Amino acid sequence: MSGIVHAKVVIIGSGAAGCTAAIYAARAMLEPVMIRGIQPGGQLTITTDVENYPGFADVIQGPWLMEQMEKQAAQVGARLVSDHVNKVELSQRPFRITCDSGDTYIAESLVIATGAQARWLDLPSEQAFRGHGVSACATCDGFFYRGKNVIVVGGGNTAVEEALFLTNFANKVTVVHRRDAFRAERILQDRLFRHPKIVVIWDGVLDQVLGNEDPPKVAGAAIRNVKTGAVTEIGADGIFIAIGHSPASELFVGQIQMKPNGYIRTAPYSTATSVPGVFAAGDVTDDVYRQAVTAAGMGCMAALEAERFLTAHKVESIAAE
Ligand code: NAP
């Protein structure tokens, strides 16, 4: 049965930003509600080794880290809700947040921590073979490529990490990058260059995914050299697109100020958005650092700022009375 729930703070999203906001808001006795979303735990749940989250000298696993964050949020008093928000109304406070279950949350303040989702190249052939050999998540789908040949497209940390991860299964991993240098961290690049199963095609873009139609199955790729224009066909059983992420900000279009690239705009050194009482933290607002630890830091800021906002508002309403 659907219901209406009143809350001082609602947090949308349960990645590093959302969980940290929940921990801080709960410890401020604000009884926050954290709506976990379609991918509870966020992007760290589809990574494997995490080596740069401070406090862990040994390599930890992304899904384990997120389990710990959620557990900590619940232990300090946050209410974790397994639901997905399909509508927000920010034109007046309290804000109205509607979920797929039919439940509605009436929130005095809101923390947007919806994160980001993988980007696609938007080639018709890429769309046609999505789920049939074309994937944006090596951790989710790598297992299917035991003893096979795969291609990874991209040159950032995600592409290099996915290529290294895929060597656990695949015979050969070909990384296709549009320039002649990676933007990934040096430590990851060194590991990739040393790996005997990985080859790199520089200055290459994926022109077309090649495959059989019935049933749909990837058989290879046409790679175009951006300098010479030459197109080469290579065989592959799987193609992983790892070209970055876009902010999950669609829910808020037209209601809140955004940058031209869709990231939610916040005030300098703050998580305050253009709507008083609404704060944004993590990958939905950060197009610069995009790290788990910076997302967690912003989640902390958002909770502290929500607390200050609520205190100031309470003072205002007492004065008005
Ligand atoms: P990213 O750093 O934005 O890199 C995206 C890569 O895809 C770039 O190499 C880019 O090429 C390429 N690319 C973009 N659009 C393309 C297109 N249309 N066609 C072909 N190639 C295209 O994205 P990311 O690797 O997903 O990383 C996102 C953020 O998360 C980064 O800040 C990263 O440091 C962080 N991250 C950190 C870790 C970690 O710390 N272990 C792990 C994963 C991600 P150009 O280089 O030419 O622009």
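For the structure, check the block above.
Residues numbered from 1 in each chain as written. Predicted model: local features only at pLDDT ≥ 70, side-chain atom pairs only at ≥ 80, totals over all residues. Heavy atoms only, no water.

Next up on the list: the overall build of the chain. Per the secondary structure count, the chain includes seven helices and 19 strands. What you see for the chain is a C-alpha radius of gyration of 22 Å, in line with the 20 Å of a compact globule of 321 residues. In terms of overall dimensions, the chain has C-alpha extents of about 75 × 40 × 40 Å along its principal axes. Taken over 321 residues, the chain has a buried fraction of 46%. For the chain, the proportion of contacts with a sequence separation of at least 24, taken over those separated by at least 6, is 59%. Surface accessibility of the chain: about 16000 Å² in total, with carbon and sulfur atoms responsible for 52%. Of note, the chain has its 28 positive side-chain charges centred 3 Å away from the centre of its 33 negative side-chain charges. (Helix = DSSP H or I, 4+ residues; strand = E, 2+ residues; numbered from the N terminus. Rg over C-alpha atoms; globule rule 2.2 N^0.38 Å. Buried < 20%, exposed > 50% of the residue type's maximum accessible area, 1.4 Å probe, protein only. Contact = heavy atoms within 4.5 Å. Areas by Shrake-Rupley, 256 points an atom, 1.4 Å probe, with all protein chains shown as cover. Lys, Arg positive; Asp, Glu negative; His and termini not counted. Charge placed at Lys NZ, Arg CZ, Asp CG, Glu CD.)

We now examine unusual backbone geometry. Going from Arg93 to Pro94, the amide bond is cis rather than trans, its omega being 0 degrees. By the secondary structure assignment, Pro94 is in the loop between strand E6 (85-89) and strand E7 (95-99). Omega for the peptide link from Asp214 to Pro215 comes to 0 degrees, which places this bond in the cis form. Relative to the assigned elements, Pro215 resides in the loop between strand E14 (204-212) and strand E15 (217-225).

Counted under the stated rule, the structure contains 10 aromatic pairs. On the basis of an interplanar angle of 80 degrees and a centroid distance of 6.3 Å, the ring pair of Phe143 and Phe169 is categorised as edge-to-face. With Phe143 in the loop between helix H4 (138-141) and strand E11 (149-153) and Phe169 in the loop between helix H5 (157-166) and strand E12 (172-176), this pair connects stretches of sequence that are 26 residues apart. An aromatic cluster of at least three residues, connected via ring pairs, comprises Phe143, Phe144, Phe165 and Phe169. (Phe/Tyr/Trp six-rings, centres within 6.5 Å; stacked < 30°, edge-to-face > 60°.)

Moving on, we come to the site of the ligand. Taken together, 21 residues surround the ligand, and among them Asn52, Thr158, Glu161, Arg179 and Arg183 come closest. Thr158 places a polar side-chain atom, nitrogen or oxygen, 2.6 Å from an oxygen atom of the ligand. Between the ligand and the protein, one listed contact pairs an oxygen atom with a backbone N or O atom of Arg290 at 3.4 Å. Within the complex, 81% of the 910 Å² of free accessible area of the ligand lies under protein. The biggest single contributor to the shell around the ligand is H5, with three residues. (Near = heavy atom within 4 Å. Polar contact = N/O pair within 3.5 Å; in protein donor to acceptor, adjacent residues only side chain to side chain.)

Once that is clear, we can look at the pattern of salt bridges. The tally for this structure, following the rule as stated, stands at nine salt bridges. Residues Arg36 and Glu70 are paired through a salt bridge, measuring 2.9 Å at the closest nitrogen-oxygen approach. Of this pair, Arg36 sits in the loop between strand E2 (33-35) and strand E3 (49-50) while Glu70 sits in helix H2 (residues 62-75), and the two are 34 residues apart along the sequence. Bridged by salt links that share partners, the residues Asp180, Asp203 and Lys227 form one connected network. (Salt bridge = Lys/Arg side-chain N within 4 Å of Asp/Glu carboxyl O.)

Spatial ordering of the open sheet is given by E10-E17-E11-E12-E13, a layout of five strands whose pairing is parallel. Pairing within the sheet leaves two strands with one partner each, and these edge strands are strand E10 (134-135) and strand E13 (198-201). As defined by bridge partners, E11 adjoins strand E17 (residues 238-241) across four bridges and the pair is classed as parallel. Across the sheet, the residue bridging to Val150 is Gly238, located in E17. Contacting E11, E12, E13 and E17, H5 runs over the sheet at an angle of about 170 degrees to E11. (Pairing = 2+ DSSP bridges. Axes fitted to C-alpha atoms, helices over the stretch in contact; angles between N-to-C directions.)

Alternating residues of E17 divide into Gly238 and Phe240 and Ile239 and Ile241, and every residue in both groups is buried. Where E10 meets E17, two bridges bridge the pair, whose relative direction is parallel. When the sheet's bridge partners are listed, Ser135 is paired in E17 with Phe240.

Quick look at the state of the cysteines now. For the coordinates displayed, the defined rule picks out one disulfide. Note on cysteine connectivity: Cys137 is disulfide-linked to Cys140, with sulfurs 2.0 Å apart. Between Cys137 and Cys140, the S-S torsion sits near 75 degrees, and that sign places the bridge as right-handed. On the accessibility criterion, Cys140 (41% relative accessible area) is partly exposed. In this model Cys99 remains outside any disulfide bridge; the closest cysteine sulfur is found in Cys19, 16 Å from its own. Cys99 gets classed as buried once you look at its relative accessible area, which sits at 2%. Lacking any disulfide linkage, Cys300 is separated from the closest cysteine sulfur, that of Cys19, by 14 Å. (Disulfide = S-S within 2.5 Å.)

What follows covers H2. Under the 1.5 Å per step criterion, the end-to-end length of H2 is 20 Å for 14 residues, consistent within 8% with the ideal 20 Å. Of the residues flanking the end of H2, it is Gly77, one or two places downstream, whose phi is positive at about 115 degrees. (Expected span 1.5 Å × (residues − 1).)

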